[in-house]
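Each chain, written out:
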Protein chains: 2
Amino acid sequence: MQNILFDFIAKYITLNEEEKDALTSLSLFHSVKKGTVLLEAGQKTKNSFFVLKGCIRTFYIQDGEEKTTAFYTELDALTPPCVITQTPSDYTISCVEDSILSISHSDMEAEINRQFPKFDIMCKMLSEELLAKERIDFDTFKTSSPEQRYLNLLQTRPDLIQRVPQHQLASFLGIQPPSLSRLRARLLEKDKS
Amino acid sequence: MQNILFDFIAKYITLNEEEKDALTSLSLFHSVKKGTVLLEAGQKTKNSFFVLKGCIRTFYIQDGEEKTTAFYTELDALTPPCVITQTPSDYTISCVEDSILSISHSDMEAEINRQFPKFDIMCKMLSEELLAKERIDFDTFKTSSPEQRYLNLLQTRPDLIQRVPQHQLASFLGIQPPSLSRLRARLLEKDKS
DNA sequence: TTGCTTTCTTAACTTAAGTGAACGAGCTGT
DNA sequence: ACAGCTCGTTCACTTAAGTTAAGAAAGCAA
């Protein structure tokens, strides 16, 4: 598991042994069971999450309905907005599958960054990259119909459609579960002809 | 104009005179006329934009139609994804109003950051903050109907509805211009009763 | 296995968005 | 002032999503 994390970091900066040891000593890794709530809506946290294996999701409760807005799978990083804004979280984070996560506290990160300013550079690169990605995703979403969004997901994250419950997928696509069912039936129909 | 920029920066880091002078010497400010294209789809750029006054937008061309996905107004910063990914831009950036912008080249930024590592910290803070904001915006969009999105915009950026053409607003809201017209007529109708 | 619950699909109906076309208002430049 | 263009709204029609409810299928626990 260490190596997965080190390989990920190696895409941004080069670590020496001292730095690797410093990271290792933090005991970042945690096994979490499916269904575990990592952050409850209304609570504050300073924790960030990095998925080594498995899948976690963020969801809001609106009118008693869960609205899933994002899934994080292997090599995805999630720093909840509430960590940045220091306010209670608007959403809940929960475990979709049994997962292995790296969980880091922002105070701990600040300390590591103080010792090794290199990490600040990595954080800068990473968040710039994630921001660029997020903007493109948002733009794609805005300019697509539900059907196009589903087809796009089929191209870009086909695994998600298999490993995640349909009603969570539906709200992730910005529609209701019956709409997703119809949409898929429609596509199958087209496929036949 | 310098002061607007310095005040903005002051929210993240404290600048001494030397650093202010370094920034001033870069002659970042540009007046741009309404309609000016700042970046053409398909082109590469290393420029980032910061709006001191006015409004710029990003749009895609799909099936011969302009699809506007974002507006940047006073104190908004835009680093196009193509600057990060080093690929041709998917969208065009154009000036909605006569504007005053700070335009900075990424090589220039790298040089300044080398001299004053403090700027790296600011960039990290800024992009983390923008990422958090973008995620919340995206979530809000996903979990809202077109009508709710319009009402939300009315709350959060009422100026946009006044200063921007309706057909650009429509695609910004993820709908077609006639839908926006109907939606507004519907709301006015409700308002009366 | 049985019963319980959660999940997915289907159906019928309502509502609203997409589409294409037409019209009028406002702007621009000559 | 006039012609030409862009822009916003409206209309009629099509298509698809929202909603509610019901039933089938799958997973879970006793």
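Before reading on, note that the structure itself is shown above.
A brief report on the enclosed structure follows. All of these numbers come straight from a predicted model, not from anything done at the bench. (Residues numbered from 1 in each chain as written. Chains lettered and ligands numbered in written order. Predicted model: local features only at pLDDT ≥ 70, side-chain atom pairs only at ≥ 80, totals over all residues. Heavy atoms only, no water.)

**Quick look at the sheet that holds strand β1 (residues 29-32) of chain B**
Residues and elements named next belong to chain B. Read from one edge to the other, the open sheet built from four strands follows the order β1-β8-β3-β6, with strand pairing classed as antiparallel. Both outer strands of the open sheet, β1 and β6 (77-78), are each paired with one neighbouring strand and no more. Two elements, β1 and strand β8 (residues 99-105), share four bridges in a ladder whose sense is antiparallel. The residue bridging Phe29 from the neighbouring strand is Ser102, located in β8. Of the strands in this sheet, β1 and β3 (47-53) are in contact with helix α1 (residues 2-10), which crosses β3 at around 110°. (Pairing = 2+ DSSP bridges. Helix = DSSP H or I, 4+ residues; strand = E, 2+ residues; numbered from the N terminus. Contact = heavy atoms within 4.5 Å. Axes fitted to C-alpha atoms, helices over the stretch in contact; angles between N-to-C directions.)

**Some words on the environment of Glu189 of chain B**
With respect to the helices, strands and loops of the structure, Glu189 of chain B is situated in helix α9 (residues 177-192). When the C-alpha positions of Glu189 of chain B and Lys11 of chain B are compared, they lie 44 Å apart, and in sequence the two are 178 residues distant.

**Overview of the interface of chain A and chain B**
Residue-level contacts link 34 residues of chain A with 34 residues of chain B. Between chain A and chain B lies a buried interface of about 3300 Å² when both sides are counted; carbon and sulfur atoms form 62% of it. Together, Arg135, Phe138 and Lys142 of chain A form the three largest contributors to the area buried by chain A at its contact with chain B, with a combined 22%. At the boundary of chain A with chain B, the tally comes to four salt bridges. The residue Lys124 of chain A makes a salt bridge to Asp120 of chain B at a minimum N-O spacing of 2.9 Å. (Buried area = accessible area lost by both parts, 1.4 Å probe. Salt bridge = Lys/Arg side-chain N within 4 Å of Asp/Glu carboxyl O.)

**Quick word on helix α2 (residues 17-24) of chain B**
Residue and element names in this part refer to chain B. Every buried residue of α2 is accounted for by Glu19, Ala22 and Leu23. Along the long axis of α2, the arc covered by the buried residues comes to 95°, so they all point the same way. In this structure, α2 carries Glu17 and Glu18 as exposed residues pointing more than 90 degrees from its buried face. Elements that come into contact with the buried residues of α2 comprise α1, α4 (106-115) and α5 (118-142). Put simply, Asn16 is the residue that caps the front of α2, since its side-chain oxygen is 3.1 Å from the backbone nitrogen of Glu18. (Buried < 20%, exposed > 50% of the residue type's maximum accessible area, 1.4 Å probe, protein only. Arc of directions from axis to C-beta. Polar contact = N/O pair within 3.5 Å; in protein donor to acceptor, adjacent residues only side chain to side chain.)

**Quick notes on the protein's contact with DNA strand D**
In the vicinity of DNA strand D, 14 residues are found, and the nearest of them are Ser179 and Arg182 of chain A together with Gln166, His167 and Ser181 of chain B. Taken together, the sugar and phosphate atoms account for 68% of what DNA strand D places within 4 Å of the protein. The separation between a phosphate oxygen of DNA strand D and a polar side-chain atom of Arg186 of chain A is 3.1 Å. Side-chain polar atom of His167 of chain B to a phosphate oxygen of DNA strand D: 2.7 Å apart, as the coordinates give it. Secondary-structure elements contributing two or more residues to the surface near DNA strand D are α9 (177-192) of chain A together with α8 (166-172) and α9 of chain B. (Near = heavy atom within 4 Å.)

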